[in-house]
Amino acid sequence: MAASLRFLLLAALLGAALGSAGHGVHHLTDADFAEKTGDGKVYLIKFFAPWCGHCKRLAPTWDQLGDHFKGSDRVVIASVDCTEQKDVCTKAEIRGYPTLKVYHAGAEVDSYKGGRDFDSIKTYVEDKAKTLLDLTTE
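Not measured: the values here are computed from a predicted model.

### Digging into the state of the cysteines
Inspection of the entire model under this criterion finds one disulfide. Cys82 shares a disulfide with Cys89; S-S distance 2.1 Å. Sign of the S-S torsion, about -85° for the bond between Cys82 and Cys89, identifies this disulfide as left-handed. Taking relative accessible area as the criterion, Cys82 reaches 6% and is therefore assigned buried. For Cys89, a relative accessible area of 6% corresponds to the buried category.

Now the structure itself:
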C-alpha cells in the first residue's frame with residue numbers, strides 16, 4: 001500500500017513538472033513586479049482572472065508566445081493573476097480581463113488592443129521592442 005501511494009505521488013509530481021515544462025511565461029507578483037519590469041527588457045503582460053472565459057481562450061496563445069520568446073534577452077512574456085496580485089492590478093488600473101500591457105524600464109508604455117492571435121501579438125511585441133530597445137544613430 002505504501003509503495004503504491006509513493007508511486008502515485010511521484011507520478012503526480014512528474015506530471016505537474018512536465019505539464020508546466022517549456023512554457024516561458026513569467027508569473028509576476030506584487031512582490032517582484034517592479035523589480036522584474038525594471039530590468040531593461042520589454043515585458044508584454046497579460047493581466048487576467050482565472051475564471052475569465054476570454055482569458056482561458058487566450059491562454060494557449062500566451063503559452064505559445066512564452067515559448068517563442070523564452071530565453072530572449074529583449075522580450076519577456078508575463079502574466080499577473082489579478083485575483084491574487086491585487087496591488088499590482090490596482091496600480092495598473094486594470095478594469096477588465098484580459099488586459100494586455102507593455103512595460104519597459106518599470107513603467108507602462110502601451111496597451112495592446114489588436115488581434116488575439118499568435119502572429120498579431122508576436123509582430124506587435126517585436127515592433128515595440130525594436131522601438132524601445134534599438135537606438136538609431138544617423
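### A short note on the environment of Ala105
Among the structural elements, Ala105 can be located in the loop between β4 (99–104) and β5 (107–112). Ignoring any residue separated from it by four or fewer positions in sequence, one finds Ala105 in contact with Thr37, Gly38 and Lys41.

### Some details on the nonpolar core
If you look at the biggest cluster of nonpolar residues, it comprises 17 residues, and the most contacted ones within it are Leu44, Trp62, Leu65, Ile77, Ile121 and Val125. Those elements that provide at least two residues to this core are β2 (42–48), α3 (53–69), β3 (75–81), β4 and α5 (118–133). For this core, the element with the highest residue contribution is α5, accounting for five residues. Counting 14 residues, the second largest nonpolar core, distinct from the first, contains Leu28, Val80, Cys82 and Val88.

Basis of the calculations
- Residues numbered from 1 in each chain as written.
- Predicted model: local features only at pLDDT ≥ 70, side-chain atom pairs only at ≥ 80, totals over all residues.
- Heavy atoms only, no water.
- Disulfide = S-S within 2.5 Å.
- Buried < 20%, exposed > 50% of the residue type's maximum accessible area, 1.4 Å probe, protein only.
- Helix = DSSP H or I, 4+ residues; strand = E, 2+ residues; numbered from the N terminus.
- Contact = heavy atoms within 4.5 Å.
- Core = buried A, V, L, I, M, F, W, Y, C linked by side-chain atoms within 4.5 Å.

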